[in-house]
Amino acid sequence: MGLFSKIKKMFSSNEEEIEEEELNEEEELEEFEDDIKEEDSEVLEVEEELDNSETELEDSKKEEQSLSKKELKKKNKEEKILKKQQKKEEKRKKQLEEVQIYEKGLTKSREGFVSKLASLTNKYKKITDDYFDELEETLIMADIGVNTVMNFMDRLRDRVKHEKIENTEDLKEIIIDELFIIYVNDDVLVNKINFNDNGPTVVLFVGVNGVGKTTTIAKIASKMKKEGKKVLLVGGDTFRAGAVLQLEDWGKKINVDFYGKEQGADPASVVFDGLVKAKEEDYDLVLIDTAGRLQNKVNLMKELEKINRVIGQQIEGGPHETLLVVDATTGQNGISQAKSFKEITNITGIVLTKLDGTAKGGIVLAIKDEVNIPVKYIGLGEREDDLQVFDIEKYIYGLFKDL
């Protein structure tokens, strides 16, 4: 069974599997009820013994106490089974909701890219050079990136040759598996925030203007607040008009604290004062906005270097994450931004916004392959819940489920 088949089996809502699981749970409850009946009969036997002889009263009391413990144990066991069932149901429901967000958010990409792959398979029954040429063009049009596609096609041709594959239908799942392998690339993928065990966790956000950076910060802040974190927003983008006020307004909307100064203030001094506040008031998480004037790369580099130095002096190990926010609809331009920012600061993860607004969802694969930075969050809609921690398996399933 290929990787995609395993992923599809994992996420598809197979009624037979659900029914089988429910049947197992029913059998477990029936076994439990049989235990109760069996132990109830023991209680009846003890009651009969009590009626027969008063001289055995003391022993019977001990027996009764012992049975009371058994009844308590039975009750505890029943509660544990019910809690276990409830947790399993909640987990299943949450996973289904997340998968549905991926399915809905990747609709444009799926309808464009996957339908072309399916048409290609219908057009060519046998694998030919013409088939490979059209497949290559389809992958490039999906924004997977020329370099990534070239490497991918070489791998695919090798597999076809060595495994003696002739039928295009047999190649569909191999294509998906190879795309999955390109993203993973034998790396240990970490898609979660690297939290600091000693003091506030500092997350720095970088990215050009217009990619949805401020909204992304607010969505992540809201998520973390719901998880019980005490969050502080810091308006470090004092260059762009209205940026500080925009972040402050978001703080008010989601009821998260904010620290900032007027436009034109030194960003490093804003960050310094914000971190002092975070330490004094025991914040768990500090999310820092920064300027995105990439056209003036030298000045931006100096600014980010200064901010990083201030954070490192104030918080040990900080910043713990530097997340680059990229607009997925900009395609290859977004990859160029990632390369440029990687040159001027240490990027630990990418937030890919507006993925639901493009038919070129392959950018997820290209950006990881070309800059070797993991995607940590993806935006699949306007709602807060549509910003998802990136999961490569859910992504592959959402993109190819109809194939």
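Preceding block: the structure.
Residues numbered from 1 in each chain as written. Predicted model: local features only at pLDDT ≥ 70, side-chain atom pairs only at ≥ 80, totals over all residues. Heavy atoms only, no water.

Participant: Go over the overall build of the protein chain, please, and point to the residues and values.
Facilitator: Secondary structure summary: the protein chain contains 14 helices and 8 strands in total. For the protein chain, with 403 residues in total, the buried portion stands at 45%. Contacts in the protein chain between residues at least 24 apart in sequence constitute 77% of all its contacts with a sequence separation of at least 6. Here the protein chain displays about 21,500 Å² of accessible surface, and carbon together with sulfur accounts for 46% of that area. (Helix = DSSP H or I, 4+ residues; strand = E, 2+ residues; numbered from the N terminus. Buried < 20%, exposed > 50% of the residue type's maximum accessible area, 1.4 Å probe, protein only. Contact = heavy atoms within 4.5 Å. Areas by Shrake-Rupley, 256 points an atom, 1.4 Å probe, with all protein chains shown as cover.)

Participant: Mind laying out the side chain of R293, listing which residues take part and the relevant values?
Facilitator: Structurally, R293 is set in the loop between strand 4 (285-289) and helix 11 (297-314). One polar contact links R293 to E303, side chain to side chain, over a distance of 2.9 Å. Sequence-distant contacts of R293, that is, excluding residues within four places in its chain, are made with F239, N299, L300 and E303. (Polar contact = N/O pair within 3.5 Å; in protein donor to acceptor, adjacent residues only side chain to side chain.)

Participant: Lay out the pairing of strand 5 (residues 321-327) with the relevant residues and their values.
Facilitator: For strand 5, the buried fraction is high: 7 of the 7 residues fall into the buried class. Two elements, strand 1 (residues 201-206) and strand 5, share 4 bridges in a ladder whose sense is parallel. From the neighbouring strand, V203 faces strand 5, where its bridge partner is E321. Direction of pairing for strand 5 relative to strand 6 (residues 349-353): parallel, over a ladder of 5 bridges. Across the sheet, the residue bridging to V326 is L352, located in strand 6. Each parallel crossover has a hand, and for strand 5 linked through helix 12 (residues 332-344) to strand 6 it is right-handed. (Pairing = 2+ DSSP bridges. Right-handed = clockwise from strand over helix to strand, strands pointing away.)

Participant: Can you explain a nonpolar patch on the surface? Please cite residues and give values.
Facilitator: There is a patch of nonpolar side chains on the surface, built from I140, V146 and M150 and spanning about 210 Å² of accessible area. By the element assignment, I140 lies in helix 5 (residues 129-141). (Patch = residues over 30% accessible without salt bridge, like charges linked within 9 Å, V, L, I, M, F, W, Y side chains within 5 Å. Salt bridge = Lys/Arg side-chain N within 4 Å of Asp/Glu carboxyl O.)

Participant: Can you explain helix 5? Please cite residues and give values.
Facilitator: For helix 5, which comprises 13 residues, the first-to-last C-alpha distance of 19 Å matches the rise-based estimate of 18 Å (1.5 Å per residue) to within 8%. Residues Y131, F132, L135, T138 and L139 constitute the buried set of helix 5. Viewed along the axis of helix 5, the buried residues span an arc of 125°, placing them on a single side of the element. Opposite its buried face, helix 5 presents the exposed residues D129 and E137, each directed more than 90 degrees away. As for helix 5, its buried residues are in contact with helix 4 (107-123), helix 6 (146-163) and helix 7 (168-184). (Expected span 1.5 Å × (residues − 1). Arc of directions from axis to C-beta.)

Participant: Quick one: what's the story with a negative patch on the surface, residue by residue and with numbers?
Facilitator: Where like charges cluster on the molecular surface, the negative patch consists of D129, D130, D133 and E137. One can find D133 in helix 5. Looking at D133, the relative accessible area reads 44%, which means it is partly exposed. (Lys, Arg positive; Asp, Glu negative; His and termini not counted. Charge placed at Lys NZ, Arg CZ, Asp CG, Glu CD.)

Participant: Tell me what's going on with the nonpolar core, and back it up with residues and numbers.
Facilitator: L287, L352, Y395 and F400 are the most contacted members of the largest nonpolar core, which totals 86 residues. Looking at this core, the element that brings in the most residues is helix 7, giving 9 residues. Not counting chain neighbours up to four residues away, the residues in contact with L352 comprise V326, A328, I363, V364, I367, V375, Y377, I378 and G379. Core analysis: the next-biggest nonpolar cluster, separate from the first, contains 17 residues, V234, V270, V271 and V286 among them. (Core = buried A, V, L, I, M, F, W, Y, C linked by side-chain atoms within 4.5 Å.)

Participant: How would you explain the environment of K261 if you had to name every residue and give the values?
Facilitator: For K261, the location among the structural elements is in the loop between strand 3 (257-259) and helix 10 (267-280). A sequence separation of 26 residues divides K261 from G235, and the C-alpha atoms of the two residues are 7.4 Å apart. Those residues in contact with K261 that sit more than four places away from it in its chain are V244, S269, V270 and D273. At a separation of 2.7 Å, a polar atom in the side chain of K261 contacts the side chain of D273.

Participant: How would you sum up the packing of helix 7 against helix 14 (residues 392-400)? Please name residues and give values.
Facilitator: Look at helix 7 against helix 14: their axes get within 11 Å of each other, and the N-to-C directions meet at 150°. Regarding the angle of helix 7 to helix 14, the classification is roughly antiparallel. The chirality of how helix 7 crosses helix 14 is right-handed. Of the residues in helix 14, those touching helix 7 at I176, L179, F180 and Y183 are I392, E393, I396 and F400. Along the lines of polarity and charge, the residues of the contact of helix 7 with helix 14 split into 7 nonpolar, no polar and 1 charged. (Axes fitted to C-alpha atoms, helices over the stretch in contact; angles between N-to-C directions. Parallel < 35°, antiparallel > 145°, perpendicular 65-115°, else oblique. Left-handed = near helix turned anticlockwise from the far one by under 90°. Nonpolar A, V, L, I, M, F, W, Y, C, P; charged D, E, K, R; others polar.)

In short, the description is geometric, and any link to function would need to be established separately.
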